[in-house]
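Breakdown of the fold
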Amino acid sequence: MRRDLSQDVPAIKWPNGIELTTYSAERASAVHELMQIGYREGGGRVPALDVWQQQFENDPEYDPALCFIASDADGVIGVAQCWTSSYIKNLVVHPRAQGRGLGRALLLHAFKVFQDRREGFVDLKVLEDNRRAQRLYEMSGMYVVRREMVPD
């Protein structure tokens, strides 16, 4: 899916009590744990922490300033992991924080950051059966640009 960044990005409304930071190695364990929860619910899997961290931090499109981490008093509850190619690799919200607008806030924040970097658009992939995520993306101004078959 794609979002044209020549259009205005709506004002971001963060849920109460949210602190937004960016990725650091000290947060790797908490981010990894949330990714595991997200993939369990959405399908797929995340490698072990050491493998995941090495792959993440050594990816040619890695920039810690493009990995947005939302925390509340109890810890990390949201992550938007983006690549330098104006691509949202992962967007995960902890189940206890879903339905409060955090996913939308993280998504809009990513749009704004890429817009400020003068990117023309931002892309992401979503599974066809993940209707909840698709609705979030569509309500945030994203549209389908290409469908791909996913091997079993």
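Where an unreviewed UniProt entry is consulted, the chain appears under the name GNAT family N-acetyltransferase, with the organism given as Pseudomonas fitomaticsae.

Remarks on the environment of Asp74
Among the structural elements, Asp74 can be located in the loop between strand 3 (67-72) and strand 4 (75-83). For Asp74, a relative accessible area of 66% puts it in the exposed group. Taking C-alpha positions, Asp74 is 11 Å from Glu19, a pair spaced 55 residues apart along the chain.

Digging into the pairing of strand 5 (residues 87-93)
Among the seven residues of strand 5, six are classified as buried, and the element is accordingly described as predominantly covered. Note that strand 4 and strand 5 share six bridges and pair antiparallel. For Cys82, the partnering residue across the bridge sits in strand 5 and is Ile88. If you look at the hairpin formed by strand 4 and strand 5, you'll find three residues sitting between the two strands, and Ser86 has a positive phi there, around 65°. Both strand 5 and strand 6 (residues 121-124) contribute to a ladder of two bridges, which runs parallel.

Regarding the environment of Asn58
Here Asn58 is to be found in helix 2 (residues 49-58). Asn58 sits 52 residues away from Ala110 along the chain, and the two C-alpha atoms are 21 Å apart. Separated by 2.9 Å, the side chain of Asn58 and the backbone oxygen of Gln54 make a polar contact.

Points about the packing of aromatic side chains
Under the definition given, this model contains six aromatic pairs. On the numbers, 5.2 Å between centres and 15° between planes, the contact of Trp52 with Phe56 is stacked. Of this pair, Trp52 and Phe56 both sit in helix 2, separated by four residues, roughly a single helical turn. Here Trp52 and Phe56 have matching classes, each one buried. Grouped by ring-pair contacts, the aromatic residues Tyr23, Trp52, Phe56, Tyr62 and Trp83 constitute a single cluster.

Reading the values: the criteria
Residues numbered from 1 in each chain as written. Predicted model: local features only at pLDDT ≥ 70, side-chain atom pairs only at ≥ 80, totals over all residues. Heavy atoms only, no water. Helix = DSSP H or I, 4+ residues; strand = E, 2+ residues; numbered from the N terminus. Buried < 20%, exposed > 50% of the residue type's maximum accessible area, 1.4 Å probe, protein only. Pairing = 2+ DSSP bridges. Polar contact = N/O pair within 3.5 Å; in protein donor to acceptor, adjacent residues only side chain to side chain. Phe/Tyr/Trp six-rings, centres within 6.5 Å; stacked < 30°, edge-to-face > 60°.

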